[in-house]
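Notes for the structure review
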Amino acid sequence: MPSPAMPDPSRRTVLATGTALSGALVAPGLTTAQKAAAATPPSGDPWRTVLDDADMVWQRMPTAWYEGPFLGNGFLGSGIYAEPDAETTAVRFNIQHSEVQDHRPEFGSLFGLARLPIGYFTLEPVGAITGLDWRLSLQNAELTGTLTTGKGTLALRAQVHNDRSVLAVEVTPSQGERGFRWVFHPADAISPRAAFKPLPDGYEGNPPARIADHDGITAAVQPLLAGGHHVTAWRERARGRTRTLYVHVAHSHPRTTALGRALQAVRRAEQLPYSALAVDHRAWWHAYYRKSFLSLPDARIQRFYWIQLYKTASAARRDAPVMATSGPWLEPTPWPNTWWNLNAQLEYWLIHGSNHLELDAITRALSEFRDNLTQETPAPYRTDSLGIPRTTDPRLVNGAASTLMGYGVGIPGQDPPTPEVGNLTWALHNVWLSYRHTMDGTILRDVLFPLLRKAINYYLHFLEPGPDGKLHLPATFSPEYGGDSRDCNYDLMLLTWGCRTLLDSAELLGIDDPLAPRWREVLAKRVPYPTDTNGFMIGADIPFAKSHRHYSHLLAVYPLYEVTGRTPEERALIERSLAHWVGFEGALQGYTFTGAASMSALLGKGEDALGYLGELMTRFIQPNTMYQESGPVIETPLSAAQSLHDMVCQSWGGVIRVFPALPAVWKDLAVHYFRTQGAFLLSAVRQGGTTRWVRLTSEAGAPCVVRHGIAGPIEVRDGRGRPLRHADAGDGTVRIALRKGESALVTARGDRPDLSIAPVRPDEEAPRWGLPI
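The rules behind the values
Residues numbered from 1 in each chain as written. Predicted model: local features only at pLDDT ≥ 70, side-chain atom pairs only at ≥ 80, totals over all residues. Heavy atoms only, no water. Helix = DSSP H or I, 4+ residues; strand = E, 2+ residues; numbered from the N terminus. Rg over C-alpha atoms; globule rule 2.2 N^0.38 Å. Buried < 20%, exposed > 50% of the residue type's maximum accessible area, 1.4 Å probe, protein only. Contact = heavy atoms within 4.5 Å. Areas by Shrake-Rupley, 256 points an atom, 1.4 Å probe, with all protein chains shown as cover. Lys, Arg positive; Asp, Glu negative; His and termini not counted. Charge placed at Lys NZ, Arg CZ, Asp CG, Glu CD. Axes fitted to C-alpha atoms, helices over the stretch in contact; angles between N-to-C directions. Parallel < 35°, antiparallel > 145°, perpendicular 65-115°, else oblique. Left-handed = near helix turned anticlockwise from the far one by under 90°. Nonpolar A, V, L, I, M, F, W, Y, C, P; charged D, E, K, R; others polar. pLDDT = per-residue confidence, 0-100. Pairing = 2+ DSSP bridges. Expected span 1.5 Å × (residues − 1). Phe/Tyr/Trp six-rings, centres within 6.5 Å; stacked < 30°, edge-to-face > 60°. Lys NZ or Arg CZ within 6 Å of the ring centre and 35° of its normal.

With that out of the way, let us pick up the overall build of the chain. The helix and strand inventory of the chain stands at 19 helices and 36 strands. Computed over its C-alpha atoms, the radius of gyration of the chain comes to 26 Å, within 12% of the 28 Å expected for a compact globule of 773 residues. In terms of its C-alpha atoms, the chain occupies a principal-axis envelope of roughly 80 × 65 × 45 Å. In the chain, buried positions account for 64% of the 773 residues. Long-range contacts, defined here as pairs at least 24 residues apart, represent 69% of the contacts in the chain between residues at least 6 apart. Counting every atom, the chain has about 26400 Å² of accessible surface; 50% of that belongs to carbon and sulfur. Taken as two groups, the 75 positive and 77 negative side-chain charges of the chain have centres that lie 6 Å from each other.

Rendered as structure tokens:
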């Protein structure tokens, strides 16, 4: 029976710091709590089943980066496809690296600090290519298969080693193909933006690479005009008929130490046969996937989801640079660096629910390079304020601020430069999510609070009382609508979330901050968000009146969850705003539909959410699940995975909502080790349209409030099957007294379901991703 009612958790209690597991941000293996959450061992191996099913296959030659296999480890990346204009004679293995960049800040983040292309190898068979059969194993992060030519076959295996950061490609030729060869093609070391925009005055490309032999290892040394160099080193090693290519990239500035490091990495790697090299590489990836599990009856979407987990770990590591717009797979692009007015935020959302905080580069980078953010803030405000430019290099430097070379932090009420000022606050929302999903107090104390305090302080310099007695912002810019507006919703919404979060955080940390009265005043007196008959406006001066891909004017709805439809009027405002936003065709892009899907999930509209994801898949997602807008843009498919999370579980506002927005056709679903706010690990199973059981394991002892979705009377039992104290909060919600390390199982009264986790049966067959016949 339910126990007497426990008090509602206050916002402060909901946010309260627990003692998070020390490895939450770094360790890729399973924690003790995660193992405890799997009290009943699953039958078979559900992870292997879903991963093998999600493998991409190629039975036709990919001809571009958005069609071919891709490998990576957060630093070194390789995209694989036919050599342009030589589809039957060569296969390209691109060599790119997330740390390789220029170092000339006088030409800004888009030219002088841009990521630099490195080059590529071509695998050149003896005969003309007549066919291929490739498979990208997600579980092993490895490409395997054969090339068929007019002279024979080439059996290959390829990996970008997780720890050694070496591309290893093993090729076993038939007799007629023993004369195949590898050729390296260094790229011009110039900003990729040069293919799209005019070069700044005085800008010149770096000198050509120098290729030389170093005791059996070949190295291409690319000198940089700013000092330092990057080096691509390689060696091909024969063992019987099998030949293995080992490649490593190193970068150094201003010193020239990269050559020695690159040669040493290749020497160490080439001592190991490919199979031996793969052992610890595969072990890392196997442990990585087993940190969470999701299976749903749409085969195409399920495969897409697991590919995004593979893609994320191929592109991100905590100690790697924050993902640039194309991840580590640099191609010609107008966006050759990191973008902070949407891209970076969306790239990392999925790491929280999927339980992969070891990939959180945003929290690390904002903390490590906070002093650079000071320098990027307009000079009069540097003593007490912070901002982040629209574009930066991995050290959060923008350099020269101009629309040609980069986009710096603007000043409200002034233009130029464009007064885009909310990007740091939005990036810190990602940090807040990392805190809430781990309850790691060091994130709150050492990163979020001090940086958010200065980000909000920048706004406080410009807030002005109006004749209506409200506080107003001068004109700022809403990404990427065009035009400046007073009381811009992008900034008002971030300002509101920031002040509220600062007050809660100060209370949790026991800080009597002198700015707290000002934060309260902002919450009490700031002007209401500008709206009209169509919903949220861009700002007081600009209605929403044209096609616009970005949801910058809707952040209070998603992802901030400040406006959630608590009243019928508020819900109608969200619905009206959403319909008006997506009702304009012309400029809509992929992340328009991921944002719309997540907002629909907030409203509990699973059918709409699935419909928006369907539009994304049909209109924008490429054969290998990549995405492009002029050039490669990695954030949209990754944010689609977060939209799936939002359909399966939401945990904003201190309530864990299980299966809040599933379409009716998803009658069966399984989730395991899903991480929620409050540092809970969620497992749940839906069968025949009914939620059978929900299990939560607490890592931090935070208040546990769960909307379980189980109809009728329920039972709540602990890990030993004993009744557990809980209270009915109405609307299918219970509060459970759960201490750190304890778990709770919620079932219908009298039900004893099978608690094993297994993949659900797909409703219908679907083609694999890649290029199957």
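Another point: the packing of helix α12 (residues 423-438) against helix α13 (residues 441-460). Two numbers describe how α12 lies on α13: the axes approach to 10 Å, and their chain directions differ by 160°. As summarised for this structure, α12 and α13 are arranged roughly antiparallel, according to the angle between their axes. Read as a crossing pair, α12 and α13 show a hand that is left-handed. Here L424, T425, L428, V431, W432, S434, Y435 and T438 of α12 come into contact with α13, specifically with G441, I443, L444, V447, L448, L451, L452, A455, I456 and Y459. The class makeup of the residues in the contact of α12 with α13 is 14 nonpolar, four polar and no charged.

So, on to the confidence of the model for the chain. Interpretation of this model should avoid reading the predicted coordinates in detail wherever pLDDT is low. Averaged over all residues, the pLDDT of the chain equals 93, while 94% of them reach at least 70. Contacts of residues 1-43 to residues separated by more than four positions or lying in other chains number 108 contacts, the stretch itself having pLDDT below 50.

Residue E480 is bonded to the preceding P479 through a cis peptide linkage, with omega at -10°. Position of E480 among the secondary structure elements: in the loop between β20 (476-477) and β21 (484-485). Y558 connects to P559 through a cis peptide bond whose omega is 15°. If you trace the backbone, P559 turns up in the loop between β23 (535-536) and α16 (568-582). Positive phi, normally seen in glycine, also occurs at N355, with a value near 70°. For N355, the position within the fold is in the loop between α9 (350-353) and α10 (361-368). Its identity is not glycine, yet D487 carries a phi of approximately 45°, on the positive side.

What follows deals with the sheet that holds strand β13 (residues 229-239). Read across the open sheet, the 10 strands follow the order β11-β12-β13-β14-β9-β8-β7-β6-β1-β36; overall the sheet is mixed. At either end of the open sheet lies a strand with only one pairing partner, and these are β11 (210-214) and β36 (770-771). With seven bridges connecting them, strand β7 (residues 142-149) and strand β8 (residues 152-160) associate as antiparallel partners. Directly across from T144, in β8, lies its bridge partner R157. Here helix α5 (residues 258-269) sits on the sheet and contacts β9 (166-173), β11, β12 (217-223), β13 and β14 (242-252); the angle it forms with β14, its principal contact strand, is near 155°.

Glancing now at the pairing of strand β31 (residues 704-707). Pairing geometry for strand β27 (residues 656-658) and β31, over two bridges, is parallel. Across the sheet, R657 pairs through a bridge with R707, a residue of β31. In terms of strand pairing, β31 meets strand β34 (residues 733-736) through four bridges, oriented antiparallel. Its bridge partner lying in β34, V706 is registered against V734.

Our next topic: helix α17 (residues 590-602). With 13 residues, α17 should reach 18 Å at 1.5 Å per residue; the first-to-last C-alpha distance of 19 Å fits that figure. Of the residues trailing α17, G604 is marked for its positive phi of about 80°.

With that settled, the discussion passes to the sheet that holds β34. With mixed pairing, the five strands of this open sheet are ordered in space as β26-β27-β31-β34-β33. Two strands close off the open sheet at either side, each with one partner strand: β26 (649-650) and β33 (726-730). Both β26 and β27 contribute to a ladder of two bridges, which runs antiparallel. Across the sheet, C649 pairs through a bridge with V658, a residue of β27.

A word on the packing of aromatic side chains. Taken as a whole and assessed by the stated rule, the structure comprises 39 aromatic pairs. Relative to W306, the ring of Y305 lies with its centre 5.9 Å away and its plane at 85°, an arrangement referred to as edge-to-face. By the burial criterion, Y305 is buried, and W306 matches it. Note on Y481 and F544: the rings are 5.6 Å apart at their centroids and 45° apart in plane angle, and the pair reads as tilted. Placement of the pair is Y481 in the loop between β20 and β21 and F544 in the loop between β23 and α16, with a sequence separation of 63 residues. F544 shares its class with Y481; the two are buried. Aromatic ring contacts, followed pair by pair, group W47, F70, W284, W285, Y288, Y289, F293, Y305, W306, Y310, W329 and Y673 into a single cluster. Here the basic side chain of R243 rests over the ring of F180, its NZ or CZ set 3.7 Å away from the ring centre. The aromatic ring of Y529 is capped on one face by R526, whose charged end is 3.9 Å from the ring centroid.

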